[in-house]
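Per-entry structural report
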Amino acid sequence: MSIAIRNISKQFGAFKALDDVSIDVPSGELVALLGPSGCGKTTLLRIIAGLDFADSGQIVLDGDDASARHVRERHVGFVFQHYALFRHMSIADNVAFGLRVKPRRERLAEADIKRRVKRLLELVQLDWLADRYPSQLSGGQRQRIALARALAVDPKVLLLDEPFGALDAKVRKELRRWLRQLHDEIHVTSVFVTHDQEEALEVSDRVVVINKGKVEQIGTPESVYDHPATPFVANFLGSVNLFHGRVEDGHLHVGNDALALGASEGSDGKAVAFVRPHEFDLVPGWDEQGALAARIVRVVSVGPSAQIELAHGDGKLIEVSLGRDAFRLLGLSEGDRVSLRPRHIRVFPTDALAA
Amino acid sequence: MTSVKRYSPLPGFRLAMGYTLVYLTLIVLIPLAAVGTKTLTMGWEAFWAAVSSPRVVASYQLSFGASLLAAAINVVFGLIFAWVLVRYRFPGKGLIDSLVDLPFALPTAVAGIALATIYSENGPVGKLLEPWGIEIAYTPNGVLLALVFIGLPFVVRTVQPVLGDLEKEVEEAAAGLGASRWQTFLRIILPHIAPALLTGFAMAFARAVGEYGSVIFIAGNVPMVSEITPLLIITKLEQYDYAGATAVASVMLVFSFVLLLIINGLQGWMQNRHAKGA
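Note that the coordinates shown come from a computational prediction; the quantities given were computed from them, not determined experimentally.

1. Overview of the layout of surface pockets
All names here are of chain B. Here the largest pocket defines a volume of roughly 550 Å³. Looking at the largest pocket, it is lined by 19 residues, and the ones nearest its centre are R87, E171, E172, A175 and R181. The set of elements that each furnish at least two residues to the lining of the largest pocket consists of α3 (54-87), α9 (168-176) and α10 (181-210). Residues that form the lining of the largest pocket fall into these classes: nine nonpolar, four polar and six charged. As for the second largest pocket, its lining consists of 15 residues, of which V209, G210, M252, L253 and S256 are closest to the centre. Ranked by residue count, the leading element in the lining of the second largest pocket is helix α13 (residues 242-274), at five residues. Counted by class, the lining of the second largest pocket contains 13 nonpolar, two polar and no charged residues.

2. Notes on the sheet that holds strand β12 (residues 251-254) of chain A
Working definition: the strands of a sheet are paired by backbone hydrogen bonds and lie parallel or antiparallel to each other. Residues and elements named next belong to chain A. Across the sheet, five strands lie side by side as β13-β12-β11-β14-β20; this open sheet has antiparallel pairing. Every interior strand has two partners, whereas the edge strands, β13 (257-260) and β20 (346-349), have only one. Within this sheet the neighbouring strands show an average axis-to-axis angle of 40 degrees, counted without direction. Bridge count for strand β11 (residues 241-248) against β12 is three bridges, and the pairing is antiparallel. Bridging from a neighbouring strand, R246 pairs with H253 of β12.

3. Re the packing of aromatic side chains
Residue and element names in this part refer to chain B. Within this structure, the stated rule accounts for 13 aromatic pairs over all chains. With a centroid separation of 6.1 Å and 70 degrees between ring planes, the pair formed by Y60 and F255 is classed as edge-to-face. Of this pair, Y60 sits in helix α3 while F255 sits in helix α13, and the two are 195 residues apart along the sequence. F255 sits in the partly exposed class, given a relative accessible area of 41%. Each ring, one from W83 and one from F185, has its centre 6.0 Å from the other, and the planes form 75 degrees; the classification is edge-to-face. Within this pair, whereas W83 is found in helix α3, its partner F185 is found in helix α10, the two being separated by 102 residues in sequence. Here the aromatic cluster, defined as three or more aromatic residues joined through ring pairs, consists of Y60, F64, F205 and F255.

4. Remarks on the packing of α3 of chain B against α10 of chain B
Residue and element names in this part refer to chain B. Packing of α3 against α10 brings their axes to within 8 Å, and their N-to-C directions diverge by 135 degrees. Between α3 and α10, the angle falls in the class oblique. Seen from above, α3 lies across α10 with right-handed handedness. Of the residues in α10, those touching α3 at F64, S67, L68, A71, A72, V75, L79 and W83 are F185, I189, L190, I193, L197, F201, A204, F205, A208 and V209. Classifying every residue of the contact of α3 with α10 by side-chain character gives 17 nonpolar, one polar and no charged.

About the cut-offs
Residues numbered from 1 in each chain as written. Chains lettered and ligands numbered in written order. Predicted model: local features only at pLDDT ≥ 70, side-chain atom pairs only at ≥ 80, totals over all residues. Heavy atoms only, no water. 1 Å grid on protein atoms, 1.4 Å probe; cavity = no way out; pocket = protein on both sides within 12 Å on 5 of 7 lines; lining within 4 Å. Points joined across faces, edges and corners; volume = space filled by probe spheres on them. Helix = DSSP H or I, 4+ residues; strand = E, 2+ residues; numbered from the N terminus. Nonpolar A, V, L, I, M, F, W, Y, C, P; charged D, E, K, R; others polar. Pairing = 2+ DSSP bridges. Axes fitted to C-alpha atoms, helices over the stretch in contact; angles between N-to-C directions. Phe/Tyr/Trp six-rings, centres within 6.5 Å; stacked < 30°, edge-to-face > 60°. Buried < 20%, exposed > 50% of the residue type's maximum accessible area, 1.4 Å probe, protein only. Parallel < 35°, antiparallel > 145°, perpendicular 65-115°, else oblique. Left-handed = near helix turned anticlockwise from the far one by under 90°. Contact = heavy atoms within 4.5 Å.

Honestly, it's all geometry; don't read function into it.
Structure below.
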């Protein structure tokens, strides 16, 4: 089932939580709403679910305007950050809840409910916990049960609010991989909220980047990462080096250095530029043209890549990440002079940064 | 091998436990034991005669019946009270919140006299009820009213924090799964607050069984009809029948103790069910 979010606005007192937001989620897609905390992404998710209501705009589920419908009648599955399991019920009863509260004529026979619960628990790989209570489960297990409970009623849409936010790093990583696999199995249209860009990029088909109640960019993980539409997106996704400078005749001037820009990049005037740490080439010495002259401050060479911290002319720190072997071949060490040649620069006019 | 002195991470067990036992002995156990020893001075025959005369049995029925009923009424209305205080914001909420405790603070005799005045035939409320044939003051109804009055705070104050603890998300989850409000209340909220309700019930009941001051002013104290057991005990004392008084008191004590034990057991069972092995 598709979701169409049309011109949703929502205000809490003087605070604009959502400002004219429109997003289309095609049927069967897994979409991430990504943004810093307080950007309105959870509010948007709750409005889609019918747990909150927008001041204006529409939520269209499968072509029907659902804006005025109660959460009970929207047929959405909602997974909360803190699980919201029913503490006084066993795991099996938790999962069965949605099936048991149906009106009598729609309700399955008890034996069918039991069978279905068993299947769902197998789907989340926790069938051995059926008789336990939520307090006896770990956080990761609780969240999988919450997911099974939401899926029990065959929701047309699955909504997840920071589903892995309360879990520790390792479980988080496992669970998001598992969520992706699960989605590939059952293909229910899903929207999940996260402030973790890595999570959004890894799990989703498409990422919606939200900032201050507005959509900054919608696109596949690759496209938002490689072609950020706004300075906010460039800054928010992944680590990045930021330079203030001036664009003049196809070059970005930073301090005393001039970097060549591609033909399409930037119009003349003040600009900010972003370069990711792994998009630099290092050349020993300061003789290189079209590069930044810098000095190595610190090298952390742990894991697959070397993290190199450099100081540019006026003392500004630049982070560079290089394969460990490649770095060793250069034979550089702390204190050495190097030229940094960016392979890829994203330039935005300075006034865009204010947004 | 020398043994190492083990320090508990929670110090002061012996000291605290010692105080607890001394305190319990001085304040609760010795006075209660006195009831037992005084009773033992009677022979079995005399004891049985004292505790099973029709007038005494009628008072048991009234005292325990009215107390149970009053506690049950307070469970219903106390829950509504707690619900209103936890769930809604309205002007005067703080005032209502503090009014709930008034039955705790008010001298019970004052409460009894006030209730009797208001609910008597000529009182402002009694006058309204009289044409309907409802008599409150000087009947068993009056006893019930007084016991409801003094028991109200217990249920409100035990349920209020527990209800406040229930996350909004849990109810949202239930609604999202298709539960109606009524289903959410019965299947989610009620099981959550049931242990607290039961505690409130037990406390309101225990308080009502022992209540004396407010009841005697409104009950009319007609033997066999509206006479409560504590009043009978006082009557016996005034007639210097100390053994008879303690005999009746000991029966009351055993009754109350057994009932409270059952309620406690029920409550423990309820709570353990959700925390098995946790």
